[in-house]
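One-letter residues, chain by chain:
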Amino acid sequence: MQPQILTPAAVLVLWSIVMLFWMAGTRLPALKQIGGMGKAKPGGRGQDLEGVLPDQINWKAHNYTHLMEQPTLFYATVAILAIMGPGLLDVTLAWIYVVLRVVHSIWQATVNRLPVRFMMFLLSTLCLSALALRALGATLGHG
């Protein structure tokens, strides 16, 4: 196994945890201002706070959700490449993906203008697509 490609994945996991704390650190005080969690309906979920809390507060939660979606494909792809033996291009693409996702997070959590956010998402998706194709090639070409 080649561990150097696992480092970007570990960084993205830690970044996701940072976003979790950032989300909680902004949402919990905002909830307190509207009566606290005790007033929340039983079984309530995060999306129930749409329209209740200011949009800027919810942006962090939106991004945290995004970090639980597409990056799961990144983790699986990185695991395949780590097992199969990544090349320098794979490691580089993994780092580009992570940097783009971190910048995307910061942008979405603070400015949240869609054209820029979409471009970062598109570029990161292209990196992930290239990684997935390389993982497929590594597995098809092995054996």
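Parameters at a glance
- Residues numbered from 1 in each chain as written.
- Predicted model: local features only at pLDDT ≥ 70, side-chain atom pairs only at ≥ 80, totals over all residues.
- Heavy atoms only, no water.
- Phe/Tyr/Trp six-rings, centres within 6.5 Å; stacked < 30°, edge-to-face > 60°.
- Helix = DSSP H or I, 4+ residues; strand = E, 2+ residues; numbered from the N terminus.
- Buried < 20%, exposed > 50% of the residue type's maximum accessible area, 1.4 Å probe, protein only.
- Patch = residues over 30% accessible without salt bridge, like charges linked within 9 Å, V, L, I, M, F, W, Y side chains within 5 Å.
- Areas by Shrake-Rupley, 256 points an atom, 1.4 Å probe, with all protein chains shown as cover.
- Salt bridge = Lys/Arg side-chain N within 4 Å of Asp/Glu carboxyl O.
- Core = buried A, V, L, I, M, F, W, Y, C linked by side-chain atoms within 4.5 Å.
- Contact = heavy atoms within 4.5 Å.

1. Looking at the packing of aromatic side chains
1) Next: This structure, assessed with the given rule, holds two aromatic pairs.
2) Next: Note on phenylalanine 74 and tyrosine 97: the rings are 4.5 Å apart at their centroids and 20° apart in plane angle, and the pair reads as stacked. Taken together, the positions of phenylalanine 74 in helix 3 (residues 71-84) and tyrosine 97 in helix 4 (residues 88-110) put the pair 23 residues apart, joining distant regions of the chain. Assigned by exposure class, phenylalanine 74 and tyrosine 97 land together as buried.
3) Next: Here a set of aromatic residues connected by ring pairs shows up, and it is made of Phe74, Tyr75 and Tyr97.

2. Observations regarding unusual backbone geometry
1) Next: Even without being glycine, asparagine 112 reaches a positive phi, approximately 60°.
2) Next: Tracing the backbone through its elements, the reader meets asparagine 112 in the loop between helix 4 and helix 5 (114-140).
3) Next: By relative accessible area, which is 14% here, asparagine 112 ends up buried.

3. Topic: a nonpolar patch on the surface
1) Next: Together, Leu114, Phe118, Met119, Phe121, Leu122, Leu123 and Leu126 make up an exposed nonpolar region whose accessible area comes to about 630 Å².
2) Next: Mapped onto the elements of the fold, leucine 126 is located in helix 5.

4. Details of the nonpolar core
1) Next: In terms of nonpolar packing, the biggest core is built from 22 residues, with Ile5, Leu12, Trp15, Phe74, Tyr97, Val98 and Leu131 touching the most fellow members.
2) Next: When residues of this core are traced back to their parent elements, those giving at least two are helix 1 (6-33), helix 3, helix 4 and helix 5.
3) Next: For this core, the element with the highest residue contribution is helix 4, accounting for eight residues.
4) Next: Contact partners of leucine 12, with chain neighbours within four places excluded, come to Leu67, Pro71, Phe74, Tyr75, Tyr97, Val98 and Arg101.
5) Next: Core analysis: the second largest hydrophobic core is formed by five residues, Ala30, Leu31, Leu49 and Leu53 among them.

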